[in-house]
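Residue-level listing of the chains:
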Amino acid sequence: MAGLATSFGSGAMTNSISELLNSACIFSIGSNTTVSHPVIGMQVRQAVRKGAKLIVANPREIELVRIADVWLQQKPGTDVPLLMGMMKVIVDEGMADLDFINRRCEDFEAFKDSLTAFPLDSVESITGVPADMIAKAARMYVTNKPAAILYAMGITQHTHGTDNVMAVANLAMLTGNIGKPSSGVNPLRGQNNVQGACDVGCLPNVFTGYQSVADETARRKFESAWQCELNPVPGKTITEMVPMMLEGKIKAMYLMGENPVLTDADVSHVEKAMEGLDLLVVQDIFLSDSAKLAHVVLPAASFAEKEGTFTNTERRVQRVRKAIEPVGDTKADWQITAEIARRMGAKGFDFRDASQIFDEIAAITPSYAGISFARLDQLGSLQWPCPTPEHPGTPILHTEKFTRGKGRFVPLKYRVSAEITDEEYPFILTNDRSLFHYHTGTMTRKVRGLRAFKNEEFVEINPADALNLGIVSGEKVRMITRRGEVTAKVLVTDKSPAGVVSTTFHFSETPINRLTNPAYDPVAKIPEFKVCAVRIEKVGQTAPLETVAASP
């Protein structure tokens, strides 16, 4: 999501999690919050109990729908027209915050003109959401302030993911719900240190603190600090690397803590690409499916065996402290990488400990400049930007101005998903997550208690579709796309709308990403995991399971 930065800068949460308790309205779109982010989901529940209005936009009947004031059940891939329709209502009914817009934003007139392409009857036809529900949601969001927006991968994992994020940003600016307590645009990170990894430059186009590789001034600063010459050309994302590997343009890969043979779209091509490398090095805490293809596996220490920091989804930097000594021959990731660099003759990798590395981060990263292990030990945590050793941290971004100065409204058009249904592939396949597992289950599937809750994949199918296909819960089906096929058991449930089937991707025995479409957003380079066309075929029968209803 950091690749989807708009006027708001890094793509991080603009506000703090605890502020949700005082939001008058929460708009959750493209996020199954109680499952993927259960701590934040609990905050949303508490806010609703306090009286907050809740709007949920999601194709599936997720748990939050049960306590929502409005549920917008849009068709997968139609977020832009849904949001533009809401904004048209706000503008047409004179509810836009013109004072905020005039003081803090630019290009509003061009954006306003673009709304004419989204009359509510047209938006209803595209999204499947009744026009009166769209208008109700718009009025609820704009009249109950402060209002916070939460979003996650249901917004970003599309070929038009950048447009989706721009639409969310437009909505917040249009209503003045930015830079104020309990408001903002809040992308929810999927893992404990995704934000921190992006902050310190684990993206192909930026150094630490989102300083552009292509910016000569920034590059010279890093060259001076590191005493070396740096390439001015941005690197490649994994979605760009795979075709280059297949073409022989990339011959070696060093993979750290990632499992692309299960997580990437169209994984058959990923496997072929990785198998064709001259050298594949995998550094991980367990022997993942990707590690099984490696020429060299470097055993890394887990979080409990090393010192360091994590930066969470609200930009909060926290200390990680070693609880036990590393098991066997494992080492902390930084120690492994530094040792390889030294053996290759590189300078500047003679770190004594993690705190020394963090001091270097602070020295070259303005947003981290005032953070140190000593301050974290004293205060417990700090939220960036924290530019000086005396600075208290920043719980709310953009209180006075945006990263680029003024917030820029972006006119948007509706772009259809890269793959739509047809006679041969009549269903849309989307994906979700389980509360009990994370990503490919490399860690969580080793926990007996979590396996007891869920230890195999199910494809969730609407009762009407199941009836037409002649299948019941517990039977096995083949899911077939233009890229491959996978077999899984059926769970009949009205949580999935008619025409849409849903799975998770946690189980290596059922590699769902053999099916997904590798087409990706041209800006963020994120594949369209959330929408692909699929055919369902019955292949056998097992002991039936009870059909699951969405409502208690």
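The structure displayed is predicted, hence computed values, not measured ones.

## Comments concerning the sheet that holds strand β1 (residues 25–29)
Then step 1. Read from one edge to the other, the open sheet built from 5 strands follows the order β3-β2-β1-β5-β6, with strand pairing classed as parallel. Only two strands of the sheet have a single neighbouring strand rather than two, namely β3 (70–72) and β6 (185–187). Within this sheet the neighbouring strands show an average axis-to-axis angle of 15 degrees, counted without direction.
Then step 2. When strand β2 (residues 53–57) meets β3, the two strands line up parallel, connected through 3 bridges.

## A short note on the environment of R315
Then step 1. Along the chain, R315 falls in the loop between β10 (308–311) and β11 (316–320).
Then step 2. Discounting residues that sit within four places of it in the chain, R315 has contacts with A12, M13, T14, N15, L382, Q383, W384, P385, T394, P395, I396 and L397.
Then step 3. Polar contacts involving the side chain of R315 include one to the main-chain carbonyl oxygen of T14, which spans 3.4 Å.
Then step 4. Side-chain polar atoms of R315 contact the backbone oxygen of W384, separated by 2.4 Å.

## Some remarks on the packing of helix α3 (residues 79–92) against helix α9 (residues 161–174)
Then step 1. Two elements in contact, α3 and α9, have axes whose closest approach is 9 Å; the angle formed by their N-to-C orientations is 20 degrees. Considering the angle they form, α3 stands roughly parallel to α9. Remark: the crossing between α3 and α9 carries left-handed chirality. For the pair α3 and α9, contact is made by D79, V80, L83, M86, M87, I90 and V91 and by D163, N164, A167, V168, N170, L171 and L174, respectively.
Then step 2. When its residues are assigned to classes, the contact of α3 with α9 shows 10 nonpolar, 2 polar and 2 charged.

## Considerations on the pairing of strand β19 (residues 517–520)
Then step 1. Bridge count for β19 against strand β20 (residues 527–528) is 2 bridges, and the pairing is antiparallel. For Y520, the partnering residue across the bridge sits in β20 and is P527.
Then step 2. Connecting β19 to the next strand, β20, in antiparallel fashion are 6 residues, including K525 with a positive phi near 65 degrees.

## Re unusual backbone geometry
Then step 1. Residues K145 and P146 are joined by a peptide bond in cis, for which omega reads 0 degrees.
Then step 2. Among the structural elements, P146 can be located in the loop between α7 (131–143) and β5 (147–151).
Then step 3. The peptide bond linking W384 to P385 adopts the cis configuration, its omega dihedral lying at 0 degrees.
Then step 4. You will see that Y210, though not glycine, has its phi angle at about 65 degrees, which is positive.
Then step 5. With respect to the element layout, Y210 can be found in the loop between α10 (194–199) and α11 (216–226).
Then step 6. With relative accessibility at 22%, the residue Y210 sits in the partly exposed group.
Then step 7. Its identity is not glycine, yet H398 carries a phi of approximately 60 degrees, on the positive side.
Then step 8. When you line up the elements, H398 lands in the loop between β12 (381–383) and β13 (407–408).

## Describing the packing of α3 against α7
Then step 1. In the contact formed by α3 and α7, the axes pass within 8 Å of each other and the chain directions differ by 65 degrees. Here α3 is positioned roughly perpendicular relative to α7, judged by the angle of their axes. Every pair of crossing elements has a handedness; the one defined by α3 and α7 is right-handed. On α7, the residues touching L82, G85, M86, V89 and I90 of α3 are I134, A135, A137, A138, R139 and V142.

## Some points on the environment of C228
Then step 1. Within the secondary structure, C228 is located in the loop between α11 and α12 (238–246).
Then step 2. Overall, the relative accessible area of 35% leaves C228 in the partly exposed class.
Then step 3. Once the C-alpha coordinates of C228 and R316 are considered, the two residues, 88 residues apart in sequence, prove to be 31 Å apart.

## Re the environment of P243
Then step 1. With respect to the element layout, P243 can be found in helix α12.
Then step 2. For P243 and H269, which are 26 residues apart along the polypeptide, the C-alpha to C-alpha distance reads 8.5 Å.

## Overview of empty space enclosed by the protein
Then step 1. What the rule picks out here adds up to 2 cavities of 30 Å³ or more.
Then step 2. Roughly 30 Å³ of volume is contained in the second largest cavity.
Then step 3. Every residue along the wall of the second largest cavity is listed here: M13, N15, S16, E19, L20, A148, S182, S183 and N186.
Then step 4. Grouping the amino acids of the lining of the second largest cavity by side-chain chemistry returns 3 nonpolar, 5 polar and 1 charged.

Criteria and cut-off values
Residues numbered from 1 in each chain as written. Predicted model: local features only at pLDDT ≥ 70, side-chain atom pairs only at ≥ 80, totals over all residues. Heavy atoms only, no water. Pairing = 2+ DSSP bridges. Helix = DSSP H or I, 4+ residues; strand = E, 2+ residues; numbered from the N terminus. Axes fitted to C-alpha atoms, helices over the stretch in contact; angles between N-to-C directions. Contact = heavy atoms within 4.5 Å. Polar contact = N/O pair within 3.5 Å; in protein donor to acceptor, adjacent residues only side chain to side chain. Parallel < 35°, antiparallel > 145°, perpendicular 65-115°, else oblique. Left-handed = near helix turned anticlockwise from the far one by under 90°. Nonpolar A, V, L, I, M, F, W, Y, C, P; charged D, E, K, R; others polar. Buried < 20%, exposed > 50% of the residue type's maximum accessible area, 1.4 Å probe, protein only. 1 Å grid on protein atoms, 1.4 Å probe; cavity = no way out; pocket = protein on both sides within 12 Å on 5 of 7 lines; lining within 4 Å. Points joined across faces, edges and corners; volume = space filled by probe spheres on them.

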